[in-house]
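Structural overview for review
So you can see what is in the structure, the chains are spelled out below.
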Amino acid sequence: MPVLENIEAMTVNTPPAPPTEVDDPLQAQPAREITQTDHLNKRLLKSLLDSMKTATEAQDQDKPSKTESGDSDFDD
C-alpha cells in the first residue's frame, strides 16, 4: 500500500459553487429541435394505431350478436 506523504495538502475544503439564478425555468431549457426521426416515429405510430383500429373493427364485425345467433329467450 503506498504511503501518502503529504495528506494535509490533499484535504482542501472548497465551498460549493453558488447556484445560478434563473427567473424562468423555460428559459433554462433550450428548445428541442424536431428531427426527421421524430417525423418518422409519428408516422409509424399513426400507421400502427390505424392498423390496430382496422383489425379491431374487423373482429367486431365477425362476431355475431346474441340476436343474430338465435339465442333468444322467446320461442317463435
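Numbering of residues begins from 1 in every chain and follows the order in which that chain's sequence is written. Residue-level local features of this predicted model are given only where pLDDT is at least 70; pairs of side-chain atoms are given and counted only at 80 or more, and the full residue set underlies all totals for whole chains, interfaces and linings. Hydrogens are left out, water is left out, and the side-chain values use all remaining heavy atoms of the structure.

1. Concerning the overall build of the chain
A count of helices and strands for the chain gives four helices and zero strands. Starting at the N terminus and ending at the C terminus, the chain contains elements arranged as α-α-α-α. Looking at the chain residue by residue over its 76 residues, the buried ones come to 0%. The Shrake-Rupley method, run with a 1.4 Å probe, gives the accessible areas here. Residue values count only the displayed protein chains as cover. Total accessible area computed for the chain in this model is approximately 8,500 Å², and 55% of it derives from carbon and sulfur atoms. Runs of E in the DSSP output that reach at least two residues are strands. Runs of H or I that reach at least four are helices, and both are numbered from the N terminus. Per-residue accessibility, obtained with a 1.4 Å probe over protein chains only, is compared with the maximum for each type, and a residue is labelled buried under 20%, exposed over 50%, and partly exposed between these values.

2. Overview of a nonpolar patch on the surface
For patch building, the residue pool is restricted to those with more than 30% relative accessible area and no salt bridge; the joining distance is 9 Å between like charges and 5 Å between nonpolar side chains (Val, Leu, Ile, Met, Phe, Trp, Tyr). What makes a salt bridge here is a side-chain nitrogen of Lys or Arg within 4 Å of a carboxyl oxygen of Asp or Glu, nothing more. Together, Leu45, Leu48, Leu49 and Met52 line one region of the surface with nonpolar side chains, adding up to about 390 Å² of accessible area. The residue Met52 is located in helix H3 (residues 36-62) in this model.

3. Describing the pattern of salt bridges
Within this structure, the stated rule accounts for two salt bridges. Asp38 is paired through a salt bridge with Arg32; the nearest N and O atoms lie 3.0 Å apart. With relative accessibility at 65%, the residue Arg32 sits in the exposed group. Put simply, Asp50 and Lys46 hold a salt bridge, and the shortest N to O gap is 3.2 Å. Of this pair, Asp50 and Lys46 both sit in helix H3, separated by four residues, roughly a single helical turn.

These figures come from the coordinates and say nothing about function on their own.
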